[in-house]
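Spelled out, the chains give:
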Amino acid sequence: MKVLVAVKRVIDYNIKIRVKPDHTGVDLSNVKMALNPFCEIAVEEAVQLKERGVADETVAVSVGTDASQEQLRTALALGIDRAVLVKTDTETGPLGVARLLQAVVEKEQPDLIILGKQAIDGDSNQVGQMLAALLERPQGTFASKLEIEGDHALVTREIDGGLRTERLALPAIITTDLRLNEPRFASLPNVMKAKRKPLDVLQAEELGVDTASSLEVVAVEPPPEREAGILVDSVAELVEKLKQEAKVI
Ligand code: AMP
């Protein structure tokens, strides 16, 4: 069984985001970038499937600039066998990414495709669902448990008040939720080994895919600054302030 994992380069989740002065986007200059956390979970799941002998090949793919090779090397250091960069210097949006991934899937013919449920930069939560629609294959989104039974995948997801398990015919698309697994850290020897694993670069234009985005970002705004809190000396003072100043009681 071949597993394909889609991984995105995003701003490290520990970084405080700065909005560009012209409000056209987020300032990416000199900012630490990382593998999207939900993609790390997707990588971990693929690696565990290989370790359990369920998968025999794992491939990571990323759509982006040359810089995304760094995140593909991270995926390789975490145990993925080989990587593919779909190189593009233009911002494609979720549909463009899904179309490019569709072209890679048609070339690679994986049995299982694992994506993160969302990328923490745009928070779109769209690429997995769009890819499933384009490929006309079943999708199991927000997976918190995944089991493979022959040519089917059993996908459990959390729903209001419980869990729901669905049985999908393979090839299928899975998107990962936080509780699916706990990603490992890459050891130094594995980081070194990853440098010698294959990483192919495909030019997006050569895939014959229309990646023009129909989305236009109108403005990006930072959240409003929170006002500093105050300390009160007694419950009576708190009640007084809630009545007279906040006017909430
Ligand atoms: P999104 O729909 O943008 O929130 O992203 C959901 C998931 O789609 C991510 O966790 C990735 O697995 C995949 N994805 C999004 N953008 C890219 C990209 N540029 N390259 C590879 N995978 C991507």
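Summarised in this report is the structure supplied together with it. Counting of residues starts from 1 at the beginning of each chain's written sequence and follows it residue by residue. Totals for whole chains, interfaces and linings use all residues, but because this is a predicted model, local features are given only for residues with pLDDT of at least 70 and pairs of side-chain atoms are given and counted only at 80 or more. In computing side-chain values, all of the structure's heavy atoms are included and hydrogens and water are not.

**A short note on a nonpolar patch on the surface**
Point 1. Each patch is built from residues lacking any salt bridge and having more than 30% relative accessible area; the joining distance is 9 Å for like charges and 5 Å for nonpolar side chains (Val, Leu, Ile, Met, Phe, Trp, Tyr). Here the Shrake-Rupley method, with its probe set to 1.4 Å, supplies the accessible areas, and only the displayed protein chains count as covering residues. For this analysis, a salt bridge means a side-chain nitrogen from Lys or Arg found within 4 Å of a carboxyl oxygen belonging to Asp or Glu. A cluster of nonpolar side chains, contributed by V235, V239, V248 and I249, occupies part of the molecular surface with about 380 Å² of accessible area.
Point 2. Inspection of the secondary structure assignment puts V235 in helix α6 (residues 235-244).
Point 3. In this structure V235 comes out as exposed when scored by relative accessible area, which is 63%. Counting from the N terminus, the helices are the DSSP runs of H or I reaching at least four residues and the strands are the DSSP runs of E reaching at least two. Buried, partly exposed and exposed residues are distinguished by accessible area as a fraction of the type maximum, computed with a 1.4 Å probe on protein chains only: under 20%, between the cut-offs, and over 50%, respectively.

**Points about the site of the ligand**
Point 1. Residues are classed as near a molecule or strand on a simple rule: at least one heavy atom within 4 Å of it. Near the ligand lie 17 residues; those nearest to it are A6, A119, N125, Q126 and V127.
Point 2. In protein, a polar contact means a hydrogen-donor-capable atom and an acceptor-capable atom, both N or O and within 3.5 Å, with residues adjacent in sequence counting only if both atoms are side-chain atoms; elsewhere, any N or O pair within 3.5 Å suffices. One of the backbone N or O atoms of V7 is found 3.5 Å from a nitrogen atom in the ligand.
Point 3. The separation between an oxygen atom of the ligand and a polar main-chain atom of S124 is 3.3 Å.
Point 4. When the ligand is considered free in solution it has 490 Å² of accessible area, and contact with the protein chains removes 97% of it.
Point 5. Those elements giving two or more residues to the shell around the ligand turn out to be β4 (57-64) and β6 (112-116).
Point 6. Top contributing element to the shell around the ligand by residue count: β4, with 3 residues.

**Regarding the packing of helix α3 (residues 93-108) against helix α4 (residues 127-135)**
Point 1. Axis geometry follows a simple rule: fit a line to the C-alpha atoms, using only the stretch in contact for helices, then measure angles between N-to-C directions, giving values from 0 to 180 degrees. Put simply, α3 and α4 touch, their axes get as near as 9 Å, and they point 50° apart. With respect to each other, α3 and α4 are oriented oblique. Crossing of α3 over α4 shows right-handed handedness. For the pair α3 and α4, contact is made by P94, L95, V97, A98, R99, L101, Q102, V105 and E106 and by V127, M130, L131, L134 and L135, respectively. Every angle not falling under 35 degrees, over 145, or within 65 to 115 is termed oblique; those three ranges are roughly parallel, roughly antiparallel and roughly perpendicular. Note on convention: the crossing is left-handed when the near helix lies turned anticlockwise from the far helix by less than a right angle, right-handed when the turn is clockwise. Throughout, a residue-residue contact means that at least one pair of heavy atoms, one from each residue, lies within 4.5 Å.

**Focus: α4**
Since the α-helix turns once every 3.6 residues, residues separated by three or four places project in the same direction.
Point 1. Residues of α4 that are buried include every one of V127, G128, L131, A132 and L135, and no others. What you see down the axis of α4 is that its buried residues fit within an arc of 135°, all on one side.
Point 2. Two residues or fewer after α4 comes E136, characterised by a positive phi angle close to 55°. Think of the arc as the fan of directions from the helix axis to the C-beta atoms.

**Here we look at the pattern of salt bridges**
Point 1. Applying the stated criterion across every chain yields a total of 16 salt bridges.
Point 2. Two residues, K8 and D121, come together in a salt bridge whose shortest N-O distance is 3.0 Å. Taken as a pair, K8 in the loop between β1 (2-6) and β2 (9-11) and D121 in the loop between β6 and α4 lie far apart in primary sequence, 113 residues in all.
Point 3. Among the salt bridges present, the one from E70 reaches R9, with a minimum N-O distance of 2.9 Å. You can see E70 sitting in helix α2 (residues 69-77) and its partner R9 sitting in strand β2, a full 61 residues away along the chain.
Point 4. One salt-bridge network, held together by shared partners, links K2, E57, R82 and E108.

**Brief notes about α3**
Point 1. One less than the residue count of a helix, multiplied by 1.5 Å, gives the span that helix is expected to have. Across its 16 residues, α3 extends 23 Å between first and last C-alpha, which sits within 8% of the 22 Å expected from 1.5 Å per residue.
Point 2. For α3, the set of buried residues is G93, P94, G96, A98, L100, L101, Q102, A103, V104, V105 and E108.
Point 3. Immediately beyond the C-terminal end of α3, within one or two residues, lies Q109, with a positive phi of roughly 50°.

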